[in-house]
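# Tertiary structure, described
These are the residues of each chain, in order.
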Amino acid sequence: MKPAVESFEYEKVLAEYKAENSTIAIANAHKRYGTSSLRWEWEGESSLETSNFRLLSLEESPLAYGHHFPASPTLQMSIYNEEPQNNTISISFKSNGIRKVWFDIALSFKGWRRIWVPFYEMKGNPPKKTEAIDYDSFQISTDSSKGSLFFDDIIFSQYQDDRHQYPDEIVPFIKSDSILRTDLWMALPSNKEHLKNVEVTPISMAVRLDLKKIEALLDQDLVIAEKYKVYINTLRDLFQDLKIKDNGETVLGPPLTFKEVEEYYDESLQGPRVYNDVKDLGKVLKQLANFYTRANPTEQEEIKNMFLIGTKYFLDQGWQSGSSGGTRHHIGYNVREITEAFFSMRQLLYDNGLLNEVGASLHWLFNEGMLLNDESTFQVNIDYLNTQSYYHLMLIFLFEKQEMQATMLTAYSKYISLTLAQQKESGGFKIDGTAWHHNGHYPAYGIGAFTSVPKVIGTLAKTRFRIATEGHENFKNAFLKSRIYSQFYEWGFGNAGRHPIEGNGITPLKDQFLIMAYAGNPEGNEDIDKDVAAAYLRLWGKQDVMNTSIFAEVNGIQHENLSGHYTLPYAATAIHRRKDWAAILKGYNTYVWASEIYVNENRYGRYPSNGTIQLLNSQGEKGSGFQQEGWDWNRYPGATVIYLPFKELEPKKPLVMFRSNESFAGATTLDNNGVFGMILNEAKGTNADGPETKLGYPGKLMAKKSVFSFDDKLICIGTNISSIDKENSTQTTLFQTFLTTIKAPFYTSSGTIKRFPFKTELKQTSKSGSWLTDPYGNGYQILSNSPIQIKKEQQQSYHNKYSINTGSMNPKGKGIKETEGNYATAWLDHGVAPKNASYQYVIYPFLDKDSQKNFGRKVQKENSFKIERADSIAHIVFDKKSNTTGYVIFESNQDLGNYLLKEVSGPALVMLKEHTETTVTISAVQPDLNFPVGENGKFKNYSRPVALQLTLKGKWTAYPEDYIKKVDNYGKNTTITLECVDGLPRMIKLSSL
């Protein structure tokens with residue numbers, strides 16, 4: 001079979017190439033994979049041609065997401081130029097001797113260049129995107145006078161994800177018809193030009209002092225602890241493992257790659273796959289930089305030589321200004337260490353004439369020039385904030401002159417200030433504090449920004465380059481909101497994206513909370529941010545005597561109390577907090593996706609937002625009974641689901657982020673209590689990532705769900721539960737908790753259960769209904785006539801990073817395909833294909849031991865609330881203690897009954913508190929976020945106002961608020977028109993007329 005890739009390892013391959021007016025030879029002066037490359041020397045009009053190749057099919061191409069994202073045939077090849085030449089070459093493909101497609105390359109570079117050129121981007125008669133190709137000859141030609149080049153590792157055609165082929169200075173035509181700045185990873189020639197043409201002005205001594213202060217803080221941040229000593233043998237071994245060597249003319253070594261797994265490889269032709277990933281090189285150079293200044297003179301000289309060889313290797317391998325290496329998407333994750341190393345060793349690079357070239361390389365790689373763009377192009381991106389923002393600041397000091405540093409730092413501060421303040425972009429930080437990425441609230445990405453941005457704010461604080469108030473304030477809101485939706489440190493499964501039950505949370509942010517506290521308030525007029533300091537004291541104060549003393553004793557700041565009810569409309573989430581526990585309530589709708597199911601992560605993650613209720617104590621997920629080993633992915637607590645075999649639960653698509661067609665999911669809050677509701681509808685929806693495609697699940701599961709959170713109890717209601725699945729039952733899970741010991745008892749209305757394994761059906765035994773507690777002390781009172789299924793047994797499951805259907809295993813899963821664990825589980829079974837099932841139950845989280853044992857008596861005496869209505873129109877609950885009625889209203893313009901609130905103009909969540917007969921407070925939400933739709937059919941991820949009319953019995957007047965647009969008294973009723981936006985509560989104070 002003809003080769004799909006040619007690496008020029010054997011002399012015999014020369015017979016397959018026809019050289020006109022030129023010579024070819026196998027050479028080892030420069031090489032990538034294997035031991036050799038092809039040297040081509042020419043004089044005058046010349047060409048090099050072969051038909052010894054084959055074109056890879058889509059199925060043979062290593063695409064991470066399969067067919068999910070469009071992919072097109074792409075030529076990939078490496079070219080080495082020993083000296084820049086004022087020449088060009090043309091690369092073309094032919095059929096039956098006729099040239100069909102081609103492109104030209106200017107030879108103005110030195111070193112290696114790796115290019116990816118999709119055939120649809122070539123000149124001539126190119127195919128359409130994704131279209132298969134069929135050519136029989138490959139040719140390299142030139143009409144220049146004289147020259148030589150080296151070629152290696154030619155992949156004649158492999159399908160590549162169309163998002164990832166990148167332009168650079170020798171193939172600038174790639175994506176020439178696209179708005180390139182929308183891909184933050186793509187280095188752009190226009191940004192390089194900005195740096196070249198920027199105007200600098202003289203600066204004052206005060207500015208110079210600020211620059212030195214900032215530079216010193218950056219240096220200080222990179223200093224490793226004194227306990228780490230120099231072990232030159234270890235450093236030498238690390239460097240030797242790179243297999244690079246300076247022969248006096250060039251630095252030879254394996255290819256310095258980025259995401260090499262994306263390229264087809266044939267070991268039988270190219271030999272063992274030996275390479276250095278740029279991240280690995282960065283780790284070695286960072287180690288050398290860490291110990292350079294603390295080494296003795298002899299060791300320091302050796303470290304210097306190794307570092308300089310590594311730097312020259314980096315440049316010779318094509319990591320230069322103007323080069324994109326084929327693709328470098330998501331590059332920020334891979335070049336952190338190498339950037340820190342070059343920054344730390346900037347004086348050494350300067351002394352050896354390498355600073356400008358290395359600086360230019362990194363300024364290109366990180367798109368430093370984008371800071372100089374017109375501010376209308378600025379767009380917040382959490383990936384940027386995570387991987388590039390701090391390094392943009394650092395790289396400013398790879399410019400030699402302070403005048404240039406000051407100019408760029410001014411631009412940088414403006415860029416960060418404006419983008420942090422943005423709330424109406426596709427990503428970033430919304431008004432409710434959610435951190436948006438991948439078209440949704442995604443704490444796992446947000447934490448990257450929460451790690452990097454505080455260092456930016458703290459480094460620039462109290463200088464002329466400080467981040468402006470609006471940006472600092474919006475970021476602070478999102479930063480602090482992370483401790484609201486986390487308990488104690490973990491954010492739970494509902495907002496875990498593709499990382500379910502993996503202990504993800506804010507634990508790593510301890511230092512960042514300190515930095516934000518000492519950076520001062522957003523206005524810049526206080527040295528300590530009291531809000532952040534109070535949060536720090538609650539989270540870490542007990543383990544930090546020094547800062548506790550500074551905050552509490554010196555500045556009088558007390559640790560915060562978070563008891564209350566919080567809403568995150570942009571995440572369809574509510575958090576009810578009391579004492580040291582939190583209940584996280586999670587839904588989804590047409591704007592907020594249910595979960596992120598990736599090609600090899602969270603493969604069974606269909607249900608974590610199906611109206612789930614996760615109860616977390618101060619010990620986080622594991623301490624509250626949530627553990628991946630043996631976890632039944634069908635049974636997230638609170639979720640209403642169709643219980644499926646795992647093979648059916650796993651979607652066939654590689655990437656699913658399901659949004660329903662229902663706009664109703666949200667919450668409102670009043671006096672530290674709250675009401676949450678959603679319409680669950682799996683029948684029809686869309687996929688939030690990739691092409692805008694319709695999506696739905698065959699079971700067509702539907703339900704109307706609500707949770708009324710009053711003080712220490714959660715009143716849960718479900719109505720209109722239906723599905724058309726005639727093989728698998730529809731269920732609502734009460735709890736699924738890991739058993740640390742199989743002897744762990746839990747109490748029920750039919751007796752205490754200690755046996756293991758054990759299964760039973762718990763039926764109602766009294767007018768107060770049936771009840772039970774789980775092994776973690778949560779009590780459940782079942783009010784509806786619904787038998788409870790209970791079991792204690794060992795469960796077998798699959799790791800979320802393993803696909804049953806494809807056999808794919810994410811390396812992060814460490815090969816653990818199957819898992820098991822002992823669990824106690826309880827659920828309500830609605831039967832197969834229910835038509836109009838329902839449930840009502842109450843949760844009492846984290847009871848003490850006595851309350852657990854006497855739970856039966858507690859629920860018999862319970863009379864603090866009353867469920868007034870539970871049907872397709874509305875769920876209504878009255879709480880006696882607070883004299884508050886909560887409404888989850890699914891249908892508009894319907895008579896709600898004999899209540900003060902008679903009717904609403906649209907679906908709404910309302911809490912109405914009657915203080916006296918003449919004074920009332922209302923908290924209302926119209927949960928439709930009302931996102932606009934862009935030209936590409938995708939949502940623009942920000943809310944637009946929607947109107948909501950509340951009709952109340954009697955005549956009332958409202959205290960003025962800008963969102964109250966009209967109060968109309970007519971007859972015996974009052975209609976109040978509100979402007980609602982962002983899904984946030986509107987508070988109204990009323991007095992009777």
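Just so it is clear, the structure is predicted and the values come from calculations on it, not from any experiment. (Residues numbered from 1 in each chain as written. Predicted model: local features only at pLDDT ≥ 70, side-chain atom pairs only at ≥ 80, totals over all residues. Heavy atoms only, no water.)

Before going further, it helps to examine the overall build of the chain. If you tally the helices and strands in the chain, you get 21 helices and 49 strands. Rg of the C-alpha trace for the chain: 32 Å, near the compact-globule value of 30 Å for 993 residues, within the 12% margin. In the chain, buried positions account for 62% of the 993 residues. Intrachain contacts of the chain at a sequence separation of at least 6 include 72% that bridge at least 24 residues. Counting only carbon and sulfur atoms, one obtains 48% of the accessible surface of the chain, whose full area is about 38,900 Å². Charged side chains of the chain number 110 positive and 115 negative; the gap between the two group centres comes to 7 Å. (Helix = DSSP H or I, 4+ residues; strand = E, 2+ residues; numbered from the N terminus. Rg over C-alpha atoms; globule rule 2.2 N^0.38 Å. Buried < 20%, exposed > 50% of the residue type's maximum accessible area, 1.4 Å probe, protein only. Contact = heavy atoms within 4.5 Å. Areas by Shrake-Rupley, 256 points an atom, 1.4 Å probe, with all protein chains shown as cover. Lys, Arg positive; Asp, Glu negative; His and termini not counted. Charge placed at Lys NZ, Arg CZ, Asp CG, Glu CD.)

Right, let's get into the sheet that holds strand β30 (residues 729-738). Two strands in a sheet stick together by hydrogen bonds in their backbones, pointing the same way (parallel) or opposite ways (antiparallel). The 5 strands lie next to each other as β22-β30-β37-β36-β33, forming an open sheet whose pairing is antiparallel. Either end of the sheet is taken by a strand with one partner, and the two such strands are β22 (640-642) and β33 (758-762). Put simply, the sheet's adjacent strands are angled 45° from each other on average, direction ignored. Both β30 and strand β37 (residues 818-832) contribute to a ladder of 9 bridges, which runs antiparallel. Bridging from a neighbouring strand, T733 pairs with W827 of β37. (Pairing = 2+ DSSP bridges. Axes fitted to C-alpha atoms, helices over the stretch in contact; angles between N-to-C directions.)

With that settled, the discussion passes to the nonpolar core. Formed by 207 residues in total, the largest nonpolar core has its most connected members in F307, Y412, F429, F513, L734 and L772. Broken down by element, the residue count for this core peaks at 9 residues, all from helix α12 (residues 402-421). F513 has contacts with F479, L480, S482, R483, V532, A535, Y536, L539 and W540, leaving out every residue within four places of it along the chain. (Core = buried A, V, L, I, M, F, W, Y, C linked by side-chain atoms within 4.5 Å.)

The next subject is the packing of aromatic side chains. A complete count under the given rule lists 64 aromatic pairs for this structure. With centroids separated by 5.7 Å and ring planes inclined at 20°, the aromatic side chains of F119 and Y135 adopt a geometry described as stacked. Linking F119 in the loop between β7 (111-118) and β8 (123-124) with Y135 in the loop between β8 and β9 (137-142), this pair joins segments that are 16 residues apart in sequence. Judged on exposure class, the residue F119 and its partner Y135 are both buried. Aromatic pair W631 and Y823: ring centres 6.1 Å apart, planes at 70°, arrangement edge-to-face. Note that W631 is positioned in the loop between α18 (620-623) and β22 and Y823 in strand β37, a separation of 192 residues in sequence. Accessibility assignment for this pair places W631 and Y823 in one class, buried. Cluster of aromatic residues (ring-pair linked, three or more members): F429, F450, F475, F479, F488, Y489, F513, Y518, Y536, W540 and F551. (Phe/Tyr/Trp six-rings, centres within 6.5 Å; stacked < 30°, edge-to-face > 60°.)

A separate point is the layout of surface pockets. Taken as a whole, the second largest pocket encloses approximately 720 Å³ of empty space. Only α2 (205-222), α7 (336-344), α11 (389-395), α13 (443-460) and α15 (510-518) provide two or more residues apiece to the lining of the second largest pocket. Per-element tally for the lining of the second largest pocket: the top contributor is α13, with 6 residues. The residue inventory of the lining of the second largest pocket, partitioned by class, reads 9 nonpolar, 7 polar and 7 charged. (1 Å grid on protein atoms, 1.4 Å probe; cavity = no way out; pocket = protein on both sides within 12 Å on 5 of 7 lines; lining within 4 Å. Points joined across faces, edges and corners; volume = space filled by probe spheres on them. Nonpolar A, V, L, I, M, F, W, Y, C, P; charged D, E, K, R; others polar.)

This next bit is on the pairing of strand β34 (residues 770-773). Covered by surrounding structure in β34 are S770 and L772 together with W771 and T773, the residues of both alternating faces. Linkage of β34 to strand β35 (residues 779-782), two consecutive antiparallel strands, is achieved through a turn of 5 residues, within which G777 is found at a positive phi near 90°.

This part takes up the packing of α12 against helix α14 (residues 469-481). Packing of α12 against α14 leaves a shortest axis separation of 7 Å and a crossing angle of 45°. Taken as axis vectors, α12 and α14 run oblique relative to one another. Viewed along their axes, α12 and α14 form a crossing whose handedness is left-handed. Only E470, G471, N474 and F475 of α14 make contact with α12, whose side of the interface consists of S417, L420 and A421. (Parallel < 35°, antiparallel > 145°, perpendicular 65-115°, else oblique. Left-handed = near helix turned anticlockwise from the far one by under 90°.)

A word on helix α3 (residues 232-240). Considered for burial, the residues of α3 that qualify are I232, L235 and F239. Seen end-on, α3 carries its buried residues on one side only, within an arc spanning 60°. Buried-residue contacts for α3 involve α5 (278-292) and α6 (297-316). (Arc of directions from axis to C-beta.)

The buried count for strand β5 (residues 88-95) comes to 7 of 8 residues, which makes it a mostly enclosed element. Between β5 and strand β6 (residues 98-106), which pair antiparallel in sequence order, lie 2 residues; one of them, N96, sits at a positive phi of approximately 55°. Here 5 bridges tie β5 to β9, and the two strands are oriented antiparallel to one another. Across the sheet, residue S90 finds its bridge partner in β9, namely S141.

Scanning all chains against the criterion turns up 44 salt bridges. One salt bridge connects K123 with D104, and the closest N-O pair in it is separated by 3.7 Å. You can see K123 sitting in strand β8 and its partner D104 sitting in strand β6, a full 19 residues away along the chain. A residue is classified by how much of its surface remains accessible, and D104, at 34% relative accessible area, is partly exposed. In this structure, E215 and K212 form a salt bridge, with 3.7 Å as the shortest nitrogen-oxygen distance. Here the residue E215 and the residue K212 both occupy positions in helix α2, the gap between them amounting to 3 residues, near one helical turn. Looking at K212, the relative accessible area reads 48%, which means it is partly exposed. A single salt-bridge network, built from bridges that share partners, covers R498, E502, E596, E601 and K801. (Salt bridge = Lys/Arg side-chain N within 4 Å of Asp/Glu carboxyl O.)

Attention now moves to the environment of K213. Tracing the backbone through its elements, the reader meets K213 in helix α2. Take K213: its relative accessible area is 35%, and that puts it in the partly exposed class. Spatially, the C-alpha atoms of K213 and L460 are 9.1 Å apart, while their sequence positions differ by 247 residues. If sequence neighbours within four positions are ignored, K213 has contacts with A461, K462 and T463.

If you trace the 7 strands from one edge of the open sheet to the other, you get β39-β40-β41-β43-β44-β49-β46, paired in antiparallel fashion. In this open sheet, the two edge strands, each paired with only one partner strand, are β39 (865-870) and β46 (956-958). The sheet shows a mean angle of 20° between the axes of neighbouring strands, direction not considered.

Turning to the side chain of T640, a few remarks are in order. Checked against the element boundaries, T640 lands in strand β22. We classify T640 as buried; its relative accessible area is 0%. For T640, the side chain forms a polar contact with the side chain of T732, separated by 2.8 Å. Here T640 is in contact with N610, L680, L701, A703, K705, I721, T730, Q731, T732 and Y839, once residues within four sequence places are set aside. (Polar contact = N/O pair within 3.5 Å; in protein donor to acceptor, adjacent residues only side chain to side chain.)

The subject of this paragraph is unusual backbone geometry. Cis geometry is adopted by the peptide bond preceding F488, which originates at Q487 and carries an omega value of -20°. Mapped onto the fold, F488 is located in the loop between α14 and α15. In this model, F756 is joined to P757 through a cis peptide bond whose omega is -5°. Even without glycine at this site, H330 takes up a positive phi of about 60°. In this fold, H330 is placed in the loop between α6 and α7. Positive phi outside glycine occurs at N602, with the angle close to 55°. With respect to the helices and strands, the residue N602 is situated in the loop between β20 (581-586) and β21 (612-616). On the basis of relative accessibility, which here comes to 1%, the residue N602 falls in the buried class.

Let's shift gears to empty space enclosed by the protein. Summed over the entire model, instances satisfying the criterion amount to 10 cavities of 30 Å³ or more. Lining the largest cavity are 27 residues, and of these R32, R114, T257, E263 and G325 sit closest to its centre. The set of elements that each furnish at least two residues to the lining of the largest cavity consists of β7, β10 (146-161) and β13 (256-257). For the lining of the largest cavity, the per-class residue count stands at 10 nonpolar, 8 polar and 9 charged.

Counting through the fold element by element, V117 comes out in strand β7. For V117, a relative accessible area of 0% puts it in the buried group. Setting aside its immediate chain neighbours within four residues, V117 contacts T74, L75, F103, M122, V171, F173 and I174.

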